[in-house]
Amino acid sequence: MVFGGPAFDPKKIPDLAGKVILITGANGGLGYESLLHLAPHNPAKIYLCARSQAKYDAAMKGITAAVPNAASMVKYLELDLTSLASVKSAAQTFLNENSRLDILMNNAGIMATPAALTKDGYEIQFGTNHMGHFLLTKLLLPTLQSTASATPDADVRIINLTSDGHSLAPRNAGFVPDAVRTDMQDYSTWTRYGQSKLANILFTRELARRHPDITSVAIHPGGVATNLANSFTDSHRFLSLLLVPVLKAMTAKPSVGALNQTWACVAPVQGRKVVGGGSEKEIKSGGYYVPVAKPDVGSKFANDAELARKLWEWSEEDLERQGY
Ligand SMILES: NC(=O)c1ccc[n+]([C@@H]2O[C@H](COP(=O)([O-])OP(=O)(O)OC[C@H]3O[C@@H](n4cnc5c(N)ncnc54)[C@H](OP(=O)(O)O)[C@@H]3O)[C@@H](O)[C@H]2O)c1
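How each quantity is defined
Residues numbered from 1 in each chain as written. Predicted model: local features only at pLDDT ≥ 70, side-chain atom pairs only at ≥ 80, totals over all residues. Heavy atoms only, no water. Helix = DSSP H or I, 4+ residues; strand = E, 2+ residues; numbered from the N terminus. Rg over C-alpha atoms; globule rule 2.2 N^0.38 Å. Buried < 20%, exposed > 50% of the residue type's maximum accessible area, 1.4 Å probe, protein only. Contact = heavy atoms within 4.5 Å. Areas by Shrake-Rupley, 256 points an atom, 1.4 Å probe, with all protein chains shown as cover. Lys, Arg positive; Asp, Glu negative; His and termini not counted. Charge placed at Lys NZ, Arg CZ, Asp CG, Glu CD. Phe/Tyr/Trp six-rings, centres within 6.5 Å; stacked < 30°, edge-to-face > 60°. Lys NZ or Arg CZ within 6 Å of the ring centre and 35° of its normal. Core = buried A, V, L, I, M, F, W, Y, C linked by side-chain atoms within 4.5 Å. Salt bridge = Lys/Arg side-chain N within 4 Å of Asp/Glu carboxyl O. Expected span 1.5 Å × (residues − 1). Arc of directions from axis to C-beta.

On to the overall build of the chain, then. What the chain contains, in helices and strands, is 11 helices and 8 strands. Over its C-alpha trace the chain gives a radius of gyration of 18 Å, about what one expects of a compact globule, namely 20 Å for 324 residues. Along the three orthogonal principal directions, the C-alpha set of the chain runs to about 50 × 45 × 40 Å. By the burial criterion, 55% of the 324 residues in the chain qualify as buried. At a minimum sequence separation of 6, the contacts of the chain that also span at least 24 residues come to 79%. Of the roughly 13900 Å² of accessible surface on the chain, a fraction of 55% belongs to carbon and sulfur atoms. Both charge centroids of the chain, one from 32 positive and one from 29 negative side chains, sit 4 Å from each other.

Let us look at the packing of aromatic side chains. Taken as a whole and judged by the stated rule, the model has 11 aromatic pairs. Seen in terms of ring centroids, Y47 and F94 are 5.0 Å apart; in terms of plane orientation they differ by 75°. Their pairing is edge-to-face. Highlighted residues: Y47 in strand 2 (residues 45–50) and F94 in helix 4 (residues 84–97), separated in sequence by 47 residues. Accessibility assignment for this pair places Y47 and F94 in one class, buried. Taken together, the aromatic side chains of Y122, F126, F175 and W314 make up a single cluster linked through ring pairs. It is R181 that lies over the ring of Y122; its NZ or CZ is 4.9 Å from the centre.

Attention shifts here to the nonpolar core. Within the largest apolar cluster, 51 residues are counted, with the highest numbers of intra-cluster contacts made by L22, L140 and L144. Where this core is concerned, the elements lending two or more residues are strand 1 (20–23), strand 2, helix 4, helix 5 (124–150), helix 6 (189–210), strand 7 (288–290) and helix 11 (305–321). The biggest single contributor to this core is helix 5, with 9 residues. Residues in contact with L140, not counting those within four places in the same chain, are L22, A91, F94, L95, L101 and L104.

On to the pattern of salt bridges, then. Evaluation of the coordinates by the stated rule reveals 12 salt bridges. Residue K138 is joined to E316 by a salt bridge in which the shortest nitrogen-to-oxygen separation is 2.3 Å. With a gap of 178 residues between them, K138 in helix 5 and E316 in helix 11 connect regions that are remote in the sequence. With a shortest N-O distance of 3.2 Å, R321 and D318 are connected by a salt bridge. Taken together, the residues R321 and D318, both in helix 11 and 3 residues apart, mark about one turn of the helix. Overall, R321 belongs to the exposed group, its relative accessible area being 52%. Taken together, the salt bridges that share partners define one network made up of R181, D318 and R321.

Counted at 1.5 Å a residue, the expected span for helix 4 with its 14 residues is 20 Å, and the 20 Å between its end C-alpha atoms agrees. Those residues of helix 4 that fall on the buried side of the exposure criterion are L84, S86, V87, A90, A91 and F94. The buried side chains of helix 4 occupy one side of the element, clustering within an arc of 160° when seen end-on. Close packing links the buried residues of helix 4 with strand 1, strand 2, strand 3 (74–78), helix 5 and helix 11.

We now examine the environment of A308. Turning to its location among the elements, A308 is positioned in helix 11. In the structure, A308 is positioned 224 residues away from L84 in sequence and 22 Å away in space, judged by C-alpha atoms.

Structural data, given as structure tokens:
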């Protein structure tokens, strides 16, 4: 996996004056590093979503050390994606404080966790990685759209973190609507992760189709040494003793791993008069990108427009059924 190089230099990110940015899972890993890349370039505000004030406070120690004016720019937004009520409350808090949103980075995620349900009864990886972000995005879409139509040169983006692991989704269906409201313990944890990450790509494709005024992309960050694998390594101690050194040698450090999703925030947009920075590589709405700035086709299911429509409608109807 090739990182960095000439494809993108985060130091050359253009001035982000006036922009409001929201990043989920920004207290650690790739979300935190993306925030560190963006914050020095003068955005109006960045919302750091975390599950608790304590996690925000801990993250702010590193952020203020690196970006001196961060304390007035980086705001705390409490968000637990395993709870639709928490997602709704986070969106409401954000909307009470803002009339614009320029970049929504749906970054938070879990991987290879034991079989379990979210508070609202979804398979835990599908519920966290897809349903929570689907609701958050839906609630913020009117503001994203009004930001996109406010000026002719407006530049509004939704960055969805996915994975090349999306190809592990259930082989015969990709997305199994009859099962996602169970813990899916008959499926391997990697198949469940694959389903949730396929959903991130399909959601992106459908967002791009329904909302052409917004640039929506799906990003695979590459293999990066973050806390993402902890759940798996904690429950497979012996295997991990063998695997961890190999993984360490093969993975990028988080600041480098965050380059692809940071590039997606500022790259010039194909077919639009949007000034990018730090990269000449153009980005196209609905695209799936691997590190750094490289378009990729993804799996067969990731290109199934009918499946993307079906997932969107299913997600919308299921949230409506629960009063969201
Ligand atoms: N690292 C890789 O090699 C890799 C490869 C492919 C794709 N990705 C994708 O990249 C994204 C970021 O992962 P990462 O590597 O940065 O992992 P990470 O270090 O584990 O960070 C994940 C972030 O998501 C947050 N999060 C987890 N569950 C949440 C919940 N229920 N509600 C709200 N926030 C929650 C975590 O918060 P806490 O601190 O509270 O847990 C943390 O801030 C994920 O979507 C992942 O699928 C990563």
